[in-house]
Every structure is written in C-alpha cells, then in structure tokens.
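# Residue-level structural notes
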Amino acid sequence: MKRQACAILLTILIVASMSIAPRAASREPVRARHGMVASTSEIASRVGVEVMQRGGNAIDAAVAVGLALAVTWPAAGNIGGGGFMMIRRANGDTEIIDYRERAPLAASREMYLDKKGDVIKGASTVGYRAVGVPGTVAGLSLALERHGKLKWADVIEPARKLAADGFTMNYHLTRGLEGTSKLLTQFPDSKRIFLRDGRFYQEGERLVQPELAETLTRLKEKGPREFYEGKTAQLIAEDMKANGGLITEQDLKEYQPAVRKPVKGTYRGYEIVTMPPPSSGGAALLEMLNILEHYNLAEMGPGSSDTIHLLVEAQRRAFADRAEFMGDADFVKVPLEGLISKKYADDLAKTIDPNHATPSEKIRAGAPAGYESTQTTHFTVIDEEGNVVSNTYTLNGGFGSGATARGTGVLLNNEMDDFTSKPGVPNAYGLLQSENNAIAPRKRPLSAMTPTIVMKDGKVWFAIGSPGGPTIINTVLQVVVNVIDFGMNIQQAIDAPRFHHQWMPDRIAFEPLGINRDTRSALEKKGHVFAEKPGNMGDAEGVMIDLKTGMRLGASDPRSGGVPIGY
Ligand code: GLY
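Described below are features of the structure shown in this document. Note that the structure is a prediction, hence the values are computed from the model and not measured. As a convention, each chain's residues are numbered from 1 in the sequence order in which they are written. Only residues with pLDDT of 70 or above have their local features reported here, since the model is predicted, and side-chain atom pairs are shown and tallied only from 80 upward, although totals for entire chains, interfaces and linings are computed over all residues. Note that water and hydrogens are dropped before the side-chain values are worked out from all heavy atoms of the structure.

### Overview of the nonpolar core
For clarity, the cut-off: Only buried Ala, Val, Leu, Ile, Met, Phe, Trp, Tyr and Cys residues count toward a nonpolar core, and they belong to the same one when joined by side-chain atoms within 4.5 Å. We call a residue buried when its accessible area falls under 20% of the maximum for its residue type, exposed when it is over 50%, and partly exposed in between, using a 1.4 Å probe and counting protein chains only. What counts as a helix is a DSSP run of H or I of at least four residues, what counts as a strand is a run of E of at least two, and both are numbered from the N terminus. By definition in these notes, contact holds between two residues if any of their heavy atoms fall within 4.5 Å.
Ranked by internal contacts, the top residues of the largest apolar core, which has 88 residues, are Y267, L292, L297, F462, V480 and I490. Here this core takes 10 residues from helix 15 (residues 305-325), the largest share from any one element. Setting aside chain neighbours within four positions, we find F462 in contact with T452, I453, V454, V480, V483, I490, V543 and M544. Counting 77 residues, the second-largest nonpolar core is a separate cluster that includes A68, A70, I193 and L411.

Printed below as a string of structure tokens:
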C-alpha cells in the first residue's frame, strides 16, 4: 500500500515537472497550425486571421491589421503616422518598407527654437507644427502591391466597417483616452471624437468614427493615392494652414515610402535580421548583442544582478553611440558597418568592469570604423506558406500631436519631436541626439523602432518588436536574450520583467515588481542608480515557429490588451 502511494506520488511529480515550464511561469503561447497574428488589439488580430482564411497571405493580413488598428487602437495605430514593415517571404527574400514620416518642405533646422535659441516647450510635440508628412497609407499599399495577393479594397474594408459600425472599447483604450485628455481637449475634433466632449467613454461602450469611415471609404473607392492627392489631402492641407501647420498639398503629393534591405548580424550562431536607418534600433541591438556574446549569461541567469549589470553596461554604450552617430542615412553618413562589427564590440567589452558601473558621463561615443510608452504599436504575422511580417508603426506620442485633421477623423502624428530640436537638449523621451539627426526638408526623423526576425539554421525562428520609444530597443534585446540565453519560450520571454538604460539620464528604469531588493542593492553597490519610480515598458508582440512541428506560436504582451489569434 505504502509502495503504491509512493509510486502515485512519483508519477504526479514527474507529470507535474513535465508540464511546468523550465523558468518564468507564463501561459503557453497560442498555438495554431496555419497562421498567426499577434497584435495589441484582439479585434485587429482577428481581422488579420480572417484575411488569411479568405486566401490572403501574411502581407495581405498585415496591411489589413495595420488599417484596422488605425480604428481600434487610435493611440498608435494610424493612417496619420508612419512606420517600418519588415517582410520575409517564404522563399527567403527579405525587405523593409520604410514608411516613416518625412519633414515637410518648409521645415528647418531651428524651427522649434525661440529668438534666444531655446527650445520652445511643446512646439515639437503638440499640435499641427509637430506633424511629419504621414507615410502609413503609402507604405501599407506599397507592401500590398509588392507582396500581397488581395486587392486594396478588400484589405481596407474591415477597417472601414469597424470605423462605421463601431467596436467595443476595452480597458486599455478607455484608460489611455482618459489619461491623454489634457492633450486631446486642446483640439475640438479630437475632443468630440475621442472624449465625447468630456463625457469619457467607459469600458464596454462603442466607439463609432463616422469621419474616419468616410475617409476609409474614399481610400477604398479611389485607392491609396487619394490620401496624398485627393479630398483627404486637401482637407489635411486646409486644416494645417488654418492652424499654423507646415504640411501642404505639395508635401503630401511628394511623399514616397522607401524599400530597404535589413541590417544583419549574428548572436551565438543565430542570425538577427533587423532594422537599418532611419531607425537606430537595429544598429543598437546588434551592437549590444555583440558585446553580450562575450559573457555566459545563461550561467548568470535571468534577472540576476550580474546579468542586469552587463546588459545595462551594453545599453549605455550603444545609446551613447546612438546619440552621436545615428540619423537618416539618406541625408547623413552613419557608420553602420563599424557600429555592428564584432571587432568594435570586442573593444567595447574590454571597457566593461564586471564589478563597477561605468558612469555615463565617462562614456562618450566610441570610434567605430566608417518609459512606459504604448505610443507606438507592433504586430507580427505569419501565414501557412511561411511568409512573415514584423511591423512597427507609430504616431510617436500617445494619440500623436493630439490634432485630428478636420473632416477626416485622422489623428496626426508628432513625429517631428524625434528629430534633434537642439543638440544637447533632450527630446520627449529624454534622448540626447546630434547634428546627424537635425531637421531638414524631406528628411526622416531618427527612430528606435526595431522590427526584428531571428533565424535558426537559415529558417525563421521568431519575429518580434515593441512600442516604447527608446525602450523599444532594449525590449527587443531582452526578448532575444531571454529566448536564446535563458531558453524561455516566446510568451515567457515577453512576460519577463524588463529594465532600460539609455546612457543619459544615467539611471536604470525598471518595472513594478520587476526587480527584488537584493538584486537592486547588489547593483547599487556596483554604482548603478535606479529611476525614482517604476513603470511598465513596451508591448511586445511576437510569433515563433516550432521548428520540429511547424506549429505557429503567438504571444502578446500582458502589459497591454493584446491577444494573439491563430487558425
Ligand atoms: N516615435 C518613436 C520612434 O520612432 O522611435
């Protein structure tokens, strides 16, 4: 009897240990046989899956998701902003559609400075003068034209319907709107549409956006150029003129997205395919991974003071380089090859003291050869054929500039703040930037958006990205390290607590409950300084392929309301 009881107990323990994930406990990633969409909006994820079920591929689905998010996630989903779409075709071809906003023709280097040469508070972040020429409609339609199977009218229809019929608002959206009411109230159309003139929307209520539905109807019927040359362009330009904005019909007509090749590197034998300029994300990510390759992080363990110390030291060095060197490579020289070279990382790793933090003021950019922020949004899609899309797009700040172009329902970005208003003066994210990122007509502001794909033995293993301004880069870094070094599955890697250092200010930002007292005090003893208050970071949305079975695994960030949907 006793022996029988022991056997039962042993069986229970074995079964339990088999089903327990090796490290951080998380829900399992969502699993599906054919395709998967991970986005911050369950409604938008479902739109993407329905497009694939109707015969569309991952690119058709991604375009439909991008358009749907402009309706269901107005904090960042947009047609009045811009972003980057990384597309990896099943045949191995990879390209990026860069639909980042551009500075208007009338923009100038010192446009946000007063007569004394000081930065005018809010000028690059609030209202019409903060708006860059939007690229989203041109970018999404170019992706569709080059890689999609369905027609523009078919992929825009779900968004049009959501805007016309309305959708049920969730906690994250209603909380975001109330939290941004000071900004949105300054603009009558935004106040009416998103704040119901001060009677805040409650969770579970419907948001109907008739003006946006009309705009989407025009775009559906007349095609994407309507945004740049039709009535929508005219309405945007008129509203700009009436409110001191710079964007004209000429700016809109001239806007063109760019097709780029990704920047590539390796980390412990895996290939990292990521975002080139005008994002700083890919270069900084590869620079940090190259540094971290010098250390046995797996042995140190996730969340240990040794691991955090090394990641932070890598982060402060990469962000110092970002501040100095990065900008739109179509306009300025960026030493990309040098920044991502293994040799450069060898030199940087030698400057890291395992026992002491290097004060940021002692770190200047090297010499390479040659906070909580849900204001951007990322989604990832994979289809049955194996095409993968990793897309990050943005209005910059939450609900962008706050202004809705009259008569269009289109919220406008405040991407101009990503430029350097004045070297040495931090932008809204506290980032210091250089002349390389100075404002010039048609130039694209430097971004941190980092859509990334990680390959194993030449095959796509997972795709990831996140919002969060500069924290984007460190969120992607930590997901990659969590998977590769610590063996976490994609959901665990996303769930795990994050931290962020961006060189200046010299402090570690951390998440609530993200760091225990012992670890913190060990890091403080090494000389690290922590931010005053914790705050959540990012909203990573990832897909992974189980390379043994081919199953598609989807994972959304628990920090926001995202839901992965597969079929
Ligand atoms: N607007 C945030 C970024 O592009 O990094």
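### Thoughts on the pairing of strand 19 (residues 552-556)
Formally: When DSSP finds two or more bridges between a pair of strands, those strands are recorded as paired.
When you tally the buried positions in strand 19, you get five out of five residues, the bulk of the element. Because side chains alternate across strand 19, one face comprises the buried residues R552, G554 and S556, and the other comprises L553 and A555, equally buried. Pairing analysis gives three bridges linking strand 1 (residues 30-32) to strand 19, with the strands arranged antiparallel. Directly across from R31, in strand 19, lies its bridge partner L553. From the end of strand 18 (residues 541-545) to the start of strand 19, which pair antiparallel, there are six residues, and G550 there has a positive phi angle of about 80°.

### Concerning the site of the ligand
Note the threshold: Any residue with a heavy atom lying within 4 Å of a molecule or strand is counted as near it. What qualifies as a polar contact is a pair of N or O atoms within 3.5 Å, subject to a donor-acceptor requirement within protein and to the restriction that residues adjacent in sequence count only when both atoms come from side chains. Using the Shrake-Rupley algorithm and a 1.4 Å probe, accessible areas are obtained, with residue cover drawn only from the displayed protein chains. For each structure, a 1 Å grid was placed over the protein atoms alone; sets of points admitting a 1.4 Å probe that cannot get out are labelled cavities, open sets with protein on both sides within 12 Å along at least five of seven lines are labelled pockets, and lining residues have an atom within 4 Å of a point. Molecule-in-pocket calls rest on the fraction of atoms, with more than half required to lie within 2 Å of the cavity or pocket grid points. Residues were grouped as follows: Ala, Val, Leu, Ile, Met, Phe, Trp, Tyr, Cys and Pro as nonpolar; Asp, Glu, Lys and Arg as charged; and all remaining residues, including Gly, as polar.
Every residue near the ligand is listed here: R100, N396, E415, D418, Y429, S447, A448 and M449. In the model, an oxygen atom of the ligand is placed 2.9 Å from a nitrogen or oxygen of the R100 side chain. A448 is positioned such that a nitrogen or oxygen atom in its backbone is 2.7 Å from an oxygen atom of the ligand. Here the ligand has 200 Å² of accessible area as a free molecule, and 98% of this is covered by the chains. According to the grid-proximity analysis, the pocket containing the ligand is the largest cavity. For the shell around the ligand, the residue count by class is three nonpolar, two polar and three charged.

### Observations regarding the packing of aromatic side chains
The following threshold applies: For Phe, Tyr and Trp, where Trp contributes only its six-membered ring, two rings pair if their centres lie within 6.5 Å, and the inter-plane angle classes them as stacked under 30 degrees, edge-to-face over 60, or tilted in between. Both a distance and an angle decide whether a charge sits over a ring: NZ of Lys or CZ of Arg must be within 6 Å of the ring centre and within 35 degrees of the ring normal.
Applying the stated criterion to the full structure yields eight aromatic pairs. Ring plane angle 55° and centroid distance 6.4 Å describe the contact between F194 and F399, whose orientation is recorded as tilted. Accessibility assignment for this pair places F194 and F399 in one class, buried. Relative to F530, the ring of F510 has its centre 5.6 Å away and its plane inclined at 80°; by these criteria the two rings are edge-to-face. Of the two residues, F510 is situated in strand 17 (residues 509-510) and F530 in the loop between helix 20 (517-526) and strand 18; the sequence distance between them amounts to 20 residues. Through successive ring pairs, a cluster of aromatic residues spans F227, Y228 and Y255. One Lys or Arg, R196, reaches over the ring of Y201 and ends 4.4 Å from the middle of that ring. The positively charged end of K456 is found above the aromatic ring belonging to W461, 5.0 Å away from the centroid.

### Things to note about the sheet that holds strand 11 (residues 388-394)
The following threshold applies: Only the contacting stretch of a helix is used when fitting its axis, a line to C-alpha atoms as for every element, and angles between N-to-C directions run 0 to 180 degrees.
If you walk across this open sheet you meet the seven strands as 7-4-3-11-10-2-20, and the pairing is antiparallel. Every interior strand has two partners, whereas the edge strands, strand 7 (258-260) and strand 20 (563-566), have only one. Across the sheet, the axes of successive neighbouring strands diverge by a mean angle of 15°, strand direction being ignored. Across seven bridges, strand 3 (residues 82-88) lies against strand 11 in antiparallel orientation. Paired with I87 across the bridge in strand 11 is V389. Along the sheet, helix 3 (residues 58-72) contacts strand 2 (36-39), strand 3, strand 10 (376-382) and strand 11; its crossing angle with strand 10, the most-contacted strand, is approximately 155°. Lying on the sheet, helix 4 (residues 136-147) is in contact with strand 3, strand 4 (94-98), strand 7 and strand 11; it crosses strand 4 at an angle near 155°.

### Examining empty space enclosed by the protein
Our working rule: Grid points are joined across faces, edges and corners, and a volume is the space filled by probe spheres set on the points.
Volume-wise, the largest cavity comes out at about 110 Å³. Lining the largest cavity are 18 residues; nearest its centre among them are N396, D418, Y429, A448 and G469. Looking at the lining of the largest cavity residue by residue, the classes come out as seven nonpolar, seven polar and four charged. As a volume, the second largest cavity reaches approximately 80 Å³. For the second largest cavity, the lining is made up of 13 residues, of which A70, G77, G409, V410 and L411 are closest to its centre. Looking at the lining of the second largest cavity residue by residue, the classes come out as eight nonpolar, five polar and no charged.

### Re the packing of helix 13 (residues 281-292) against helix 17 (residues 342-350)
How two helices pack is summed up by the angle between their axes together with the distance between the axes. Test applied: Note that the term roughly parallel is reserved for angles under 35 degrees, roughly antiparallel for angles over 145, roughly perpendicular for angles of 65 to 115, and oblique for everything else. Here is the rule for handedness: rotate from the far helix to the near one, and if that takes an anticlockwise turn smaller than a right angle the crossing is left-handed, while a clockwise turn gives right-handed.
One way to put it is that helix 13 packs onto helix 17 with a least axis distance of 8 Å and a crossing angle of 60°. Between helix 13 and helix 17, the crossing angle belongs to the class labelled oblique. Crossing of helix 13 over helix 17 shows right-handed handedness. Between helix 13 and helix 17, the residues in contact are E287, N290 and I291 and K342, Y344, A345, L348 and A349, respectively. Of the residues contributing to the contact of helix 13 with helix 17, the split by class is five nonpolar, one polar and two charged.

### Structural notes on the side chain of D485
Mapped onto the secondary structure, D485 falls in the loop between helix 18 (471-484) and helix 19 (490-495). Take D485: its relative accessible area is 10%, and that puts it in the buried class. A polar contact of 2.5 Å, which involves the side chain of D485, links it to the side chain of Y267. Those residues in contact with D485 that lie beyond four places of it in its chain are Y267, R268, L297, A298 and V480.

### What about the pattern of salt bridges?
Between side chains of opposite charge, a pair can form when the charged atoms approach closely. Basically, it comes down to this: Just to be clear on terms, a salt bridge is a Lys or Arg side-chain nitrogen sitting within 4 Å of an Asp or Glu carboxyl oxygen.
Across all of its chains, the model carries 32 salt bridges by this definition. Residue E205 is joined to R196 by a salt bridge in which the shortest nitrogen-to-oxygen separation is 2.9 Å. On the accessibility criterion, E205 (28% relative accessible area) is partly exposed. The partly exposed category is assigned to R196, whose relative accessible area is 22%. One salt-bridge network, in which partners are shared between bridges, spans D98, R260, D330 and R444.

### Some points on helix 15
Given 3.6 residues per helical turn, the α-helix brings residues three or four places apart onto the same face. Spelled out, the test is: Every helix has an expected span of 1.5 Å times one less than the residues it contains.
Here helix 15 is 21 residues long and its end C-alpha atoms lie 30 Å apart, about the 30 Å a rise of 1.5 Å per residue gives. Most of helix 15 is tucked away: 19 of the 21 residues are buried.

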